[in-house]
Amino acid sequence: MDRFAWTNGLLEMDETLVVQQRSVKLYDGDDKAKLDVGIALLTTHRLIWRDLKNHECCIGLSLSQIIYFEEQAAGIGKSAKIVIHLYPVTSNKEPGPYQQSKFPFIKLSFKEHGQIEFFRRLTEEMTRKRWENTVPQAVSTATGSQQTGKTRAVGIVGIERKIEQKRKETDKNISEAFEDLSQLMVKAKEMVELSRSIANKIKDRQGNITEDETVRFKSYLLSMGIANPVTRETHGSGTHYHMQLAKQLGDMLLAPLEERGGMMALTEVYCLVNRARGMELLSPEDLVNACKVFESMKLPLRLRVFDSGVMVVQLQSHNEEEMIASALDSVTDKGSLTAAEFGKLLGLSVLLSRERLLLAEKMGHLCRDDSVEGLRFYPNLF
Amino acid sequence: MHRRGVGAGAIAKKKLAEAKYKERGNVLAEDQIVQMSKQIEAFKSHLEEFASKHKQEIRKNSQFRVQFQEMCATIGVDPLASGKGFWSEMLGVGDFYYELGVQIIEVCLALKHRNGGLITLDELHQRVLKGRGKYAQDVSQDDLVRAIKKLKAMGNGFGMIPVGDSYLVQSVPAELNMDHTVVLQLAEKKGYVTVSEIKDNLKWERERSCQVLDHLLKEGLAWLDSQAPGEPQYWLPALFSELSSRDVTPEEANQMTP
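Chain B appears in an unreviewed UniProt entry as Vacuolar-sorting protein SNF8 from Muraenolepis orangiensis. Chain B has a UniProt comment under Subunit (unreviewed entry) that states "Component of the endosomal sorting complex required for transport II (ESCRT-II)." Regarding chain B, the UniProt comment filed under Function (unreviewed entry) reads as follows: "Component of the endosomal sorting complex required for transport II (ESCRT-II), which is required for multivesicular body (MVB) formation and sorting of endosomal cargo proteins into MVBs."

In the nomenclature of an unreviewed UniProt entry, chain A is known as Vacuolar protein-sorting-associated protein 36 of Muraenolepis orangiensis. Its UniProt record gives chain A a comment under Function (unreviewed entry), which states: "Component of the ESCRT-II complex (endosomal sorting complex required for transport II), which is required for multivesicular body (MVB) formation and sorting of endosomal cargo proteins into MVBs." Under the heading Sequence similarities (unreviewed entry), UniProt records this for chain A: "Belongs to the VPS36 family."

Laid out in structure tokens, this is it:
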């Protein structure tokens, strides 16, 4: 923080404002600077910071003093930051808020976001180095440019007014958004209560509901994201949407399944399908609900849940006994195998090869040696 | 003659039931479904209006997203349940979280050989952001948590373990009970833990401590440093900070003895 010098914040002749961001807090290295939250301004020549409440507290440094900079992502309770590493202080440096610092870097902490844009513009300016195009002038000091001070002041005051306006608008937009959101939620709540009442009546068999009406009702629940209060599922299975999806999956997954020995973890399917779609992605529940109707739609795929809770999609033609027999063969052949070794042999993921070995063990063909070195399977000689 | 009587009687009975219901203010279910279909249409257009004004806000403002999610939860609505839901189709919230889900799965898969399927929320966040690139939509840790909650539906053992002032994200179906979790929390400060530390801090007997540590070793979540001065140290790769670790390839990992 000792690289900063006091400035009046007025722009030089060829200097233009590039971007500014309010609610930025400065850090001297890893320590919070003894300054309040303020506005960070990036110009073609400098990085300027001004205290929001006390406009006279204004400091700046030349962009030429920056060695490099990087982003620091936000964390829980921590704002996103930009870390800026600086060259050592020059001997002719003007006075600033810090006499000395043990850190060669500073941080800008973005309390109200804006880091992405600021970082982008800073990168641009550091690449273009527009400050080199002009005759080098002394960084604006308290004594400099008093003649042109007046016109400069008007310029920056005009800009500041615009920004204040924009900020008020944004604030208004956000509170408007929250208001609209609340109103929307009130209406949504009515729908939830209505659907609960209907569901209860269906359960208690009051009135005559047709099959058709039940299907329609389920699709309403799906559209609204309301869980069926009786079964606790967000009613998905049995809707036309999921049946359609199931058909699509049936076509799409045949080849990948063949390539992977007839079985794929559901998470793998999720990634595969959504990457292919690009937009209008499936939710995890959509995928599960679609897979649940494979059998009733007579598609050649099955959803299967292992004891461990792992869910897979497998080809119906996937012959269990064959798989177990071949697992036994591989293990006997090699004497013993871990899930990782088995996976490598067959080109399967460790997760799925482990399930296959566990299955063979369940059927009594293999037995395990469980030690800290891992789980190893041997042919069952008992 | 009889038949007609029966028929007429049945109709009359139904009319009586209907009247009774209406009298008591109890509307019939089928009437309510008709009412609901009308309300759905009305709601849809309200949501469309809301979306046209505020869709961008949801995309850009993670605070707004949190508010939105919390309000939905309060009234009993899950906006992420289906890509076919109104919320997803009109507000676009779905795609944001479902894509995030894909990115989370991929990061966890890529690092599993190193950390056994356990990763800090911080590291996951950083790596996801990196993968998304500089100009992509900013993503908060709250966004990640919500995406992970949805992934649980696919049964692959996605879970979150509170540790320190943050979380560990588990992406494998390894069984971790309270004992394991507590030891993980103990290890969080230094990245490793010893049997003595467990005995001193948790007041467990040696056998219980060893059992828990052995399980973590077996699951690939902990690595044993038997050459540490004093007693063996059990290190958790998930807790290694980025700065002090080098990325290990799966081949190298296989050659290392646990």
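A. Quick peek at the confidence of the model for chain B. With 85% of its residues at a pLDDT of at least 70, chain B reaches an overall mean of 83. The low-confidence segment residues 242-246 of chain B, where pLDDT is below 50, has seven contacts with residues more than four positions distant or belonging to other chains.

B. Spatial organisation of the pattern of salt bridges. One pass over the full model with this rule turns up 29 salt bridges over all chains. Where Arg121 of chain A meets Glu117 of chain A, a salt bridge forms, and the shortest distance between an N and an O atom there is 3.5 Å. Placement of the pair is Arg121 of chain A and Glu117 of chain A together in helix α1 (residues 115-128), with a separation of four residues, close to one helical turn. Residue class for Glu117 of chain A comes out partly exposed when judged on its relative accessible area of 32%. Between Lys150 of chain B and Asp78 of chain B there is a salt bridge; the shortest N-O distance is 2.5 Å. Placement of Lys150 of chain B in helix α7 (residues 141-151) and of Asp78 of chain B in the loop between α3 (62-75) and α4 (86-91) is noted, with a sequence separation of 72 residues between them.

C. Structural view of the sheet that holds strand β13 (residues 337-338) of chain A. Residue and element names in this part refer to chain A. In spatial order, the strands read β13-β15-β14; together these three strands make up an open sheet with antiparallel pairing. Strands with a single pairing partner mark the edges of an open sheet, and in this sheet they are β13 and β14 (366-371). Here two bridges tie β13 to strand β15 (residues 374-379), and the two strands are oriented antiparallel to one another. The partner of Leu337 across the bridge, within β15, is Phe377. Of the strands in this sheet, β13, β14 and β15 touch helix α7 (residues 320-334), which is tilted by about 95° from β15.

D. Fine view of the interface of chain B and chain A. Across the contact, 70 residues belong to chain B and 73 residues belong to chain A. The three residues of chain B that bury the most area against chain A are Ile33, Met36 and Met154 of chain B, which together make up 11% of that side's buried surface. Counting across the chain B and chain A interface gives five salt bridges. A salt bridge links Asp370 of chain A to Lys218 of chain B, with the nearest nitrogen and oxygen atoms 3.3 Å apart.

E. Quick look at the pairing of strand β11 (residues 301-305) of chain A. All names here are of chain A. Here β11 runs beside strand β12 (residues 311-315); their pairing, made up of five bridges, is antiparallel. Bridging from a neighbouring strand, Arg302 pairs with Gln314 of β12. The antiparallel pairing of β11 with β12 creates a hairpin that spans five residues between the two strands, and Gly309 there sits at a positive phi of about 100°.

F. Local environment of the nonpolar core. Grouped together as the largest cluster of nonpolar side chains are 84 residues, with contacts concentrated most on Trp87, Ile104 and Leu124 of chain B. Ranked by residue count, the leading element in this core is helix α5 (residues 93-115) of chain B, at 11 residues. Among all residues touching Trp87 of chain B, those that are not within four sequence positions of it are Leu184, Met185, Ala188, Ser223 and Met224 of chain A together with Phe43, Leu47, Phe68, Val77, Pro79, Gly92 and Val93 of chain B. Within the second largest apolar cluster, 30 residues are counted, among which are Ala40, Leu47, Cys57 and Ile106 of chain A.

G. Structural detail: the sheet that holds β12 of chain A. All names here are of chain A. Pairing is antiparallel across the open sheet formed by three strands, whose spatial order is β10-β12-β11. Either end of the sheet is taken by a strand with one partner, and the two such strands are β10 (263-265) and β11. Taken pair by pair, the neighbouring strands of this sheet meet at an average axis angle of 25°, ignoring direction. As paired strands, β10 and β12 are joined by three bridges and run antiparallel to one another. Bridge pairing in β12 places Met264 opposite Val313. Lying on the sheet, helix α9 (residues 350-362) is in contact with β10, β11 and β12; it crosses β10 at an angle near 120°.

Conventions adopted
Residues numbered from 1 in each chain as written. Chains lettered and ligands numbered in written order. Predicted model: local features only at pLDDT ≥ 70, side-chain atom pairs only at ≥ 80, totals over all residues. Heavy atoms only, no water. UniProt positions renumbered as here; feature names shortened; annotations may be inferred. pLDDT = per-residue confidence, 0-100. Contact = heavy atoms within 4.5 Å. Salt bridge = Lys/Arg side-chain N within 4 Å of Asp/Glu carboxyl O. Helix = DSSP H or I, 4+ residues; strand = E, 2+ residues; numbered from the N terminus. Buried < 20%, exposed > 50% of the residue type's maximum accessible area, 1.4 Å probe, protein only. Pairing = 2+ DSSP bridges. Axes fitted to C-alpha atoms, helices over the stretch in contact; angles between N-to-C directions. Buried area = accessible area lost by both parts, 1.4 Å probe. Core = buried A, V, L, I, M, F, W, Y, C linked by side-chain atoms within 4.5 Å.

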